[in-house]
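Examining the three-dimensional arrangement
Here are the chains, one letter per residue:
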Amino acid sequence: MKAHDGMYIDGEWRAGTGNTTISVVNPADEQTIAEVPAGTAEDIDAAVRAARAALPGWAATPPAERSVRIAALRDALAVRKDELAETITAELGSPLPFSEAVQVGLPLKVAGSYADLAASYPFEEKVGNSTVYLEPVGVVGAITPWNYPLHQIVNKVAPALAAGCTIVLKPAEDTPLTAQLFAEAAHDAGLPPGVFNLVTGLGPVAGQALAEHPDVDLVSFTGSTAVGRQIGATAGAAVKRVALELGGKSANVILPSADLATAVSRGVANVMSNSGQTCSAWTRMLVHSERYEEAVELAAAAAAKYGDRIGPLVNAKQQQRVRGYIEKGVAEGARLVAGGPEAPREKGYFVSPTVFADVTPDMTIAQEEIFGPVLSIIRYEDEDDALRIANGTVYGLAGAVWAGDDAEAVAFARRLDTGQVDINGGRFNPLAPFGGYKQSGVGRELGAHGLAEYLQTKSLQF
Ligand code: NAD
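Residue indices begin from 1 for each chain and proceed along its sequence in written order. With pLDDT at 70 or above as the cut-off, local features in this predicted model cover only qualifying residues; side-chain atom pairs require 80 or more to be listed or tallied, and sums for whole chains, interfaces and linings still use all residues. Hydrogens and water molecules were not included; the side-chain quantities draw on all heavy atoms of the structure.

**Examining helix H9 (residues 260-272)**
How we decide: Each helix is a run of DSSP H or I of at least 4 residues and each strand a run of E of at least 2, with the numbering of both proceeding from the N terminus. Multiplying one less than the number of residues by 1.5 Å gives the expected span of a helix. Exposed residues in this analysis have more than 50% of their type's maximum accessible area, buried residues have under 20%, and partly exposed residues fall in between, with area computed by a 1.4 Å probe over protein chains only. What the arc describes is the spread of directions from the helix axis to the C-beta atoms. Residue contacts are defined here by distance: any two heavy atoms, one from each residue, within 4.5 Å place the two residues in contact. Whenever a nitrogen or oxygen atom comes within 3.5 Å of another N or O atom, the pair is scored as a polar contact, on the condition that within protein one atom can donate a hydrogen and the other can accept it, and that pairs from neighbouring residues in sequence are kept only if both atoms are in side chains.
With 13 residues, H9 should cover 18 Å at 1.5 Å per step; its first-to-last C-alpha distance of 18 Å lies within 8% of that length. Buried within H9 we find Leu260, Ala263, Val264, Gly267, Val268, Val271 and Met272. Each buried residue of H9 sits inside an arc of 155° when the element is viewed along its axis, so together they form one side. Where H9 is buried, its residues meet strand E12 (251-254), strand E13 (284-288), helix H10 (292-306), strand E15 (354-359), strand E16 (374-380) and strand E17 (399-402). Here H9 starts with a cap whose side-chain oxygen sits 3.3 Å from the backbone nitrogen of Ala261, and that cap is Asp259. Of the residues trailing H9, Asn274 is marked for its positive phi of about 55°.

Right under this line is the structure:
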């Protein structure tokens, strides 16, 4: 893999000020594929200064022109789509067809949606005797995770650009090569120098320096709830805007009238996708006691079929963590019906697709986010019981409801404390707001709601 040995700041690749690097490891074979520079607080400061200097010009650029640049960015990403997919497969481990269709396909759509929105969004509105201007928040510090490395970057950078903000990105340690390719695309798209800047580096060093930088106006963070809480506290102390997309423990609620076979097979597929490293995965399957054993058998058979088709987890630490959760599930009395804690291969950070039955709502595996291919099947007795279990975690990111008809599923979904719910297998919509209730986060990404996060209002009275 080709890696840049510098940071992308003020429209050029320049050497970082530190003298350490981060090794990028292919999780399928544990080989080091590249080294990237570990950014320092000085690198972050240089990037923030470049973003600040570029802000007045970009904020004043007419939205139609910003739209043209975002469309050019989308096109520059599209030109690199094969290289992006191969890079994501190499540094994250997701199987190549998944990298092509989802890891790259989805962000191309999202980038396109913000090219459209920049051109059509009402940045000015009349309210009685006032004119309200929706202005860019300013300099954005974007901190992203590794699980959908390109998607998480585009989710932040595209709406920020559409709003007229300038950006400093600190991507995840495990997937910096995707971020470097993104920076190349941003350069080719003709963004003015300083509008987009990239600093690779460690979370507690470069990430923290970005989150704490006094000249950053908004910190947009996607990652773990633990780090999100810290970033929220820092932002709160500085009275600055913050957007947090955090963890989840979503419920897949199968009501008695549902088509059980479809609901179970789609539920298993949802959890195993991206090796379970999806914050919105439906990792708790809730089934009525009368259909419980049938669902368990179907889920175990579906998981067993995944076998070798599942990719590795991103790194050794995640693999250890997930295997620890599986051991904990067994220790707390859940019944293992597929997979288990043993590593299925000698090389690579693989974990077997795992299904637990007889999971009770208070078990660790029913409460904590595992971020691996592990499904917990929980029994309920009636709808109120199902609702209590579904809402009974600190999270509220996503979920699914299956029923004989949409109206019944919708009535249940409206009672869920969660940000988005798929009704009878509803498709992902890249224009619909994405974000969490409760400890799953603050703010929304995607579509017009995602754009609004990067705007602040000014009203003039006449
Ligand atoms: P993480 O919180 O460890 O890291 C995320 C990012 O934060 C990385 O870029 C990391 O370098 C940086 N970081 C780490 N410590 C930091 C600090 N002290 N200050 C500033 N930045 C710091 O999370 P992860 O392990 O990379 O990702 C997995 C987690 O992300 C899961 O909990 C998952 O649910 C969550 N996630 C949420 C969403 C969502 O949209 N809600 C999407 C993807 C992942």
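**Some details on the nonpolar core**
Note the following rule: In these notes, a set of buried Ala, Val, Leu, Ile, Met, Phe, Trp, Tyr and Cys residues joined through side-chain atoms within 4.5 Å is what counts as a nonpolar core. Domain boundaries shown here were taken from an automatic or database domain assignment.
Core analysis: the biggest nonpolar cluster contains 62 residues, and Leu77, Leu161, Phe182, Phe196 and Leu451 have the highest contact counts within it. Lining this core are residues from two domains, each supplying at least three of them: domain 1 (7-246 + 440-461) and domain 2 (251-429). Excluding anything up to four places from it in sequence, Leu451 contacts Tyr114, Leu117, Tyr121, Phe123, Pro159, Ala162 and Ala163. Counting residues in each nonpolar core, the second largest holds 29 residues, with Leu286, Val359, Ile365 and Val401 among its members.

**Remarks on the sheet that holds strand E5 (residues 124-127)**
We count it as follows: A pair of strands is treated as paired once DSSP finds two or more bridges between them. Simply put, an axis is a line fit to the C-alpha atoms, just over the touching stretch for a helix, and the angle between two N-to-C directions goes from 0 to 180 degrees.
With antiparallel pairing, 3 strands are arranged side by side in an open sheet as E5-E6-E20. Edge positions in the sheet fall to E5 and strand E20 (455-461), since each of these pairs with one other strand and no more. Mean inter-strand twist for the sheet, computed between neighbouring axes without regard to direction, equals 25°. Where strand E6 (residues 130-136) meets E20, 7 bridges bridge the pair, whose relative direction is antiparallel. Of the residues in E20, the one forming a bridge with Glu135 is Gln456.

**Looking at the site of the ligand**
Rule in force here: To be near a molecule or strand, a residue needs just one of its heavy atoms within 4 Å of it. Using a 1.4 Å probe, the Shrake-Rupley method yields the accessible areas, and only the shown protein chains count as cover for residues. Charged means Asp, Glu, Lys or Arg here, nonpolar means Ala, Val, Leu, Ile, Met, Phe, Trp, Tyr, Cys or Pro, and polar covers whatever is left, Gly included.
Surveying the vicinity of the ligand reveals 29 residues, the closest of which are Thr144, Lys170, Ser224, Leu246 and Glu369. Between the ligand and Trp146 there is a distance of 2.9 Å, counted from an oxygen atom to a side-chain nitrogen or oxygen. Backbone polar atom of Leu246 to a nitrogen atom of the ligand: 2.6 Å apart, as the coordinates give it. When the free accessible area of the ligand is taken as 850 Å², the share hidden by the protein chains comes to 90%. Sorting the residues of the shell around the ligand by element identifies helix H7 (203-212), strand E10 (218-222) and helix H8 (225-237) as the ones contributing at least two each. Ranked by residues supplied to the shell around the ligand, first place goes to H7 with 4 residues. Partitioning the shell around the ligand into residue classes produces 14 nonpolar, 11 polar and 4 charged.

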